[in-house]
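Below, each chain spelled out in residue letters.
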Amino acid sequence: TFDVLASKGVIEAETADALRGAAGLRNRIAHGYALLDVRRVKEEAKTGIPALRLFLDAVARAAGL
């Protein structure tokens, strides 16, 4: 989904990359794919949270909000 939005110019490619990483982290946490590494969560949150904000802003703009 993030790649499609980036290809349509709704979000930047860098935002799509960061969101893909955030989604992967979410899957690891929610589904227990790996042991939870708190340091890794903290590091990934540094890019994941700002990327989510950029995503929400882009979607709101695309929706005319």
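Treat the numbers as computed from the prediction; the structure is a model and nothing was measured.

**Q** With reference to specific residues and values, describe the overall build of the chain.
**A** Counting its secondary structure elements, the chain contains three helices and zero strands. Taken from N to C terminus, the helices and strands of the chain fall in the order α-α-α. Dimensions of the chain along its principal axes, counting C-alpha atoms only, are 40 × 20 × 20 Å. A burial count over the chain gives 15% of its 65 residues as buried.

**Q** Can you tell me about the pattern of salt bridges, naming the residues and giving the values?
**A** When charged atoms on two side chains of opposite charge get close, those side chains can pair. This structure, assessed with the given rule, holds two salt bridges. Linking Asp 17 and Arg 20 is a salt bridge whose minimum nitrogen-to-oxygen distance equals 3.1 Å. Note that Asp 17 and Arg 20 are positioned in helix H2 (residues 13-31) at a spacing of three residues, about one turn of the helix. You can call Arg 20 partly exposed: its relative accessible area is 39%. Connected through shared salt-bridge partners, Asp 3, Asp 17 and Arg 20 make up one network.

**Q** If you had to explain the packing of H2 against helix H3 (residues 38-62) to someone new, which residues and values would you point to?
**A** Between H2 and H3, the least distance of the axes is 8 Å, while the angle of their chain directions is 130°. For the element pair H2 / H3, the angle class is oblique. By crossing handedness, the relation of H2 to H3 is classed as left-handed. Contacts between H2 and H3 involve Thr 15, Ala 18, Leu 19, Gly 21, Ala 22, Leu 25, Arg 28 and Ile 29 from the first element and Arg 40, Val 41, Glu 44, Thr 47, Gly 48, Ala 51, Leu 52, Leu 54 and Phe 55 from the second. Taken together, the residues that form the contact of H2 with H3 break down as ten nonpolar, four polar and three charged.

**Q** Describe in detail a nonpolar patch on the surface, supporting the description with residues and values.
**A** Taken together, Ile 29, Leu 36 and Val 38 make up a surface patch of nonpolar side chains, about 310 Å² in accessible area. Locating Ile 29 in the fold gives a position in helix H2.

**Q** Just give me the short version of the packing of aromatic side chains, but keep the residues and values in it.
**A** Going through the model one piece at a time under the given rule, you end up with one aromatic pair. A centroid spacing of 5.6 Å and a plane angle of 90° characterise the contact between Phe 2 and Phe 55, whose relative ring orientation is edge-to-face. Taken as a pair, Phe 2 in helix H1 (residues 2-7) and Phe 55 in helix H3 lie far apart in primary sequence, 53 residues in all. You can call Phe 55 buried: its relative accessible area is 18%.

**Q** Which residues make up the confidence of the model for the chain, and what values go with them?
**A** Taken as a whole, the chain shows an average pLDDT of 83; of its residues, 97% reach a score of 70 or greater. Taking the mean pLDDT of every element in the chain, the minimum, 82, falls on H2 and the maximum, 92, on H1.

The rules behind these values
Residues numbered from 1 in each chain as written. Predicted model: local features only at pLDDT ≥ 70, side-chain atom pairs only at ≥ 80, totals over all residues. Heavy atoms only, no water. Helix = DSSP H or I, 4+ residues; strand = E, 2+ residues; numbered from the N terminus. Buried < 20%, exposed > 50% of the residue type's maximum accessible area, 1.4 Å probe, protein only. Salt bridge = Lys/Arg side-chain N within 4 Å of Asp/Glu carboxyl O. Axes fitted to C-alpha atoms, helices over the stretch in contact; angles between N-to-C directions. Parallel < 35°, antiparallel > 145°, perpendicular 65-115°, else oblique. Left-handed = near helix turned anticlockwise from the far one by under 90°. Contact = heavy atoms within 4.5 Å. Nonpolar A, V, L, I, M, F, W, Y, C, P; charged D, E, K, R; others polar. Patch = residues over 30% accessible without salt bridge, like charges linked within 9 Å, V, L, I, M, F, W, Y side chains within 5 Å. Areas by Shrake-Rupley, 256 points an atom, 1.4 Å probe, with all protein chains shown as cover. Phe/Tyr/Trp six-rings, centres within 6.5 Å; stacked < 30°, edge-to-face > 60°. pLDDT = per-residue confidence, 0-100.

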